[in-house]
Amino acid sequence: MKRILLILGGDKPTPQLFNKAYACCDFHIAADSGIHVFQENHKHPNILTGDFDSITSLPRNSPTKIIPAPEQSANDFEKALRPLENEDWKELIILGGTGGRADHFLTNLLIAAALENHRKVCFIDPKQSIYRITPDTPFTSMLPCKRLISLIPFTRANRVSTRGLKWNLDESDMFAPVLLGLSNYNESENIHVTIGDGSLYLVINEPEGESALRSNP
């Protein structure tokens, strides 16, 4: 597996965003009520998992593998990651992981921050893309100029460097309350963000995963 699409139970993606993400991923997972997004768009995930407390009926006569996970000690995101533990995957695209309850969103960010450094992780909703940046997963992409961009250190982020932004960083250490990177923007179409140690989230205000779903990983 190279690129995995995971649908969580937060705010639903638009049909345009879902179908674009579905087409560019080669494996698809629904976590609990995330199955409704697949059904509404006439698609089948490879896996459906969760405690199914938000589903009125399970899919029947479907190629989807159903993996019950009834325990309450883990959330739907954690349960959806379990089938991937022994798989060699490169990138995780998450829809339905933002919006809704703030505690769910923050927990999802914490879980993603703890994944292995070589995994690319991106949350996408209709208005923004949120990339996890680690030493092994720098960000390089082409963006239209004047996109609103923020760099948010979820842990201490050391030796952060950027190119293409209005206010660039050069081997800077970022952590609250010393340095946060809120409301920057790009002056160049070529954007680069690297980090020497730790992790941070790069937030780009853009429509429908404009940069995240453009190219193969």
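Here the structure is shown first, and the text comes after it.
Source: prediction; values computed, not measured.

Moving on, we come to the overall build of the protein. When helices and strands are tallied, the protein shows four helices and 14 strands. Its C-alpha radius of gyration of 17 Å places the protein within 12% of the 17 Å reference for a compact globule of 217 residues. Principal-axis analysis of the C-alpha atoms places the extent of the protein at approximately 55 × 35 × 30 Å. Evaluated residue by residue, the protein yields a buried proportion of 49% over its 217 residues. Long-range contacts, defined as pairs at least 24 residues apart, comprise 62% of the intrachain contacts of the protein with a sequence gap of at least 6. For the protein, the exposed area adds up to about 10,600 Å²; of that, 51% sits on carbon and sulfur atoms. Taking the average place of the 22 positive charges on the side chains of the protein and the average place of its 26 negative ones, the gap between the two points comes to 4 Å.

Another aspect to go through is the nonpolar core. Counting residues in each nonpolar core, the largest one holds 38 residues, and the members touching the most others are Leu5 and Leu202. Apart from residues no more than four positions distant in its own chain, leucine 202 is found in contact with Ser129, Ile130, Tyr131, Ile133, Phe139, Ile149, Ser150, Leu151 and Val193. Core analysis: the next-biggest nonpolar cluster, separate from the first, contains 24 residues, Phe27, Ile47, Leu84 and Val203 among them.

Right, let's talk about the sheet that holds strand β6 (residues 120-125) for a bit. The strand order across the open sheet formed by 10 strands is β4-β3-β2-β1-β5-β6-β7-β14-β9-β12, and the pairing between neighbours is mixed. A single partner strand is all that each edge strand has here, and the edge strands are β4 (65-68) and β12 (181-185). The sheet shows a mean angle of 20° between the axes of neighbouring strands, direction not considered. By the bridge criterion, four bridges tie strand β1 (residues 3-7) to strand β2 (residues 27-31) in an arrangement that is parallel. Note that in β2 the partner of isoleucine 7 across the bridge is alanine 30. On top of the sheet, helix α1 (residues 15-24) reaches β1, β2, β5 (91-95) and β6; it is set at about 145° to β1, its chief contact.

The next subject is the layout of surface pockets. Estimated volume of the largest pocket: approximately 440 Å³. Mapped onto the lining of the largest pocket, the elements with two or more residues apiece are α3 (76-81) and α4 (102-113). Looking at which element gives the most residues to the lining of the largest pocket, the answer is α4, with four residues. Taken together, the residues that form the lining of the largest pocket break down as four nonpolar, 14 polar and six charged.

Let us now look at the packing of aromatic side chains. Counted according to the given criterion, the structure contains seven aromatic pairs. Aromatic side chains phenylalanine 154 and tyrosine 201 sit 5.2 Å apart centroid to centroid with 90° between the ring planes, which places their arrangement in the edge-to-face category. Here phenylalanine 154 is found in the loop between β9 (148-152) and β10 (157-163), whereas its partner tyrosine 201 is found in strand β14 (residues 200-205), with 47 residues between them in sequence. Residue classification places phenylalanine 154 among the partly exposed positions, given a relative accessible area of 29%. Plain terms: the ring middles of tryptophan 167 and tyrosine 185 are 5.8 Å apart, the flat faces sit at 80° to each other, and that makes the pair edge-to-face. Of the two residues, tryptophan 167 is situated in the loop between β10 and β11 (172-174) and tyrosine 185 in strand β12; the sequence distance between them amounts to 18 residues. A network of ring pairs unites the aromatic residues Phe18, Tyr22 and Phe38 as a single cluster. The ring of tyrosine 22 carries lysine 43 above its face, with NZ or CZ at 5.4 Å from the centroid. Lying over the aromatic face of tryptophan 89, arginine 119 brings its terminal NZ or CZ to 4.4 Å of the ring centre.

Another aspect to go through is the environment of arginine 159. In this structure, arginine 159 sits in strand β10. Overall, the relative accessible area of 39% leaves arginine 159 in the partly exposed class. The sequence separation of arginine 159 and asparagine 86 amounts to 73 residues, and the corresponding C-alpha distance is 32 Å. A polar side-chain atom of arginine 159 sits 3.1 Å from the main-chain carbonyl oxygen of glycine 196.

Reading the values: rules and limits
- Residues numbered from 1 in each chain as written.
- Predicted model: local features only at pLDDT ≥ 70, side-chain atom pairs only at ≥ 80, totals over all residues.
- Heavy atoms only, no water.
- Helix = DSSP H or I, 4+ residues; strand = E, 2+ residues; numbered from the N terminus.
- Rg over C-alpha atoms; globule rule 2.2 N^0.38 Å.
- Buried < 20%, exposed > 50% of the residue type's maximum accessible area, 1.4 Å probe, protein only.
- Contact = heavy atoms within 4.5 Å.
- Areas by Shrake-Rupley, 256 points an atom, 1.4 Å probe, with all protein chains shown as cover.
- Lys, Arg positive; Asp, Glu negative; His and termini not counted.
- Charge placed at Lys NZ, Arg CZ, Asp CG, Glu CD.
- Core = buried A, V, L, I, M, F, W, Y, C linked by side-chain atoms within 4.5 Å.
- Pairing = 2+ DSSP bridges.
- Axes fitted to C-alpha atoms, helices over the stretch in contact; angles between N-to-C directions.
- 1 Å grid on protein atoms, 1.4 Å probe; cavity = no way out; pocket = protein on both sides within 12 Å on 5 of 7 lines; lining within 4 Å.
- Points joined across faces, edges and corners; volume = space filled by probe spheres on them.
- Nonpolar A, V, L, I, M, F, W, Y, C, P; charged D, E, K, R; others polar.
- Phe/Tyr/Trp six-rings, centres within 6.5 Å; stacked < 30°, edge-to-face > 60°.
- Lys NZ or Arg CZ within 6 Å of the ring centre and 35° of its normal.
- Polar contact = N/O pair within 3.5 Å; in protein donor to acceptor, adjacent residues only side chain to side chain.

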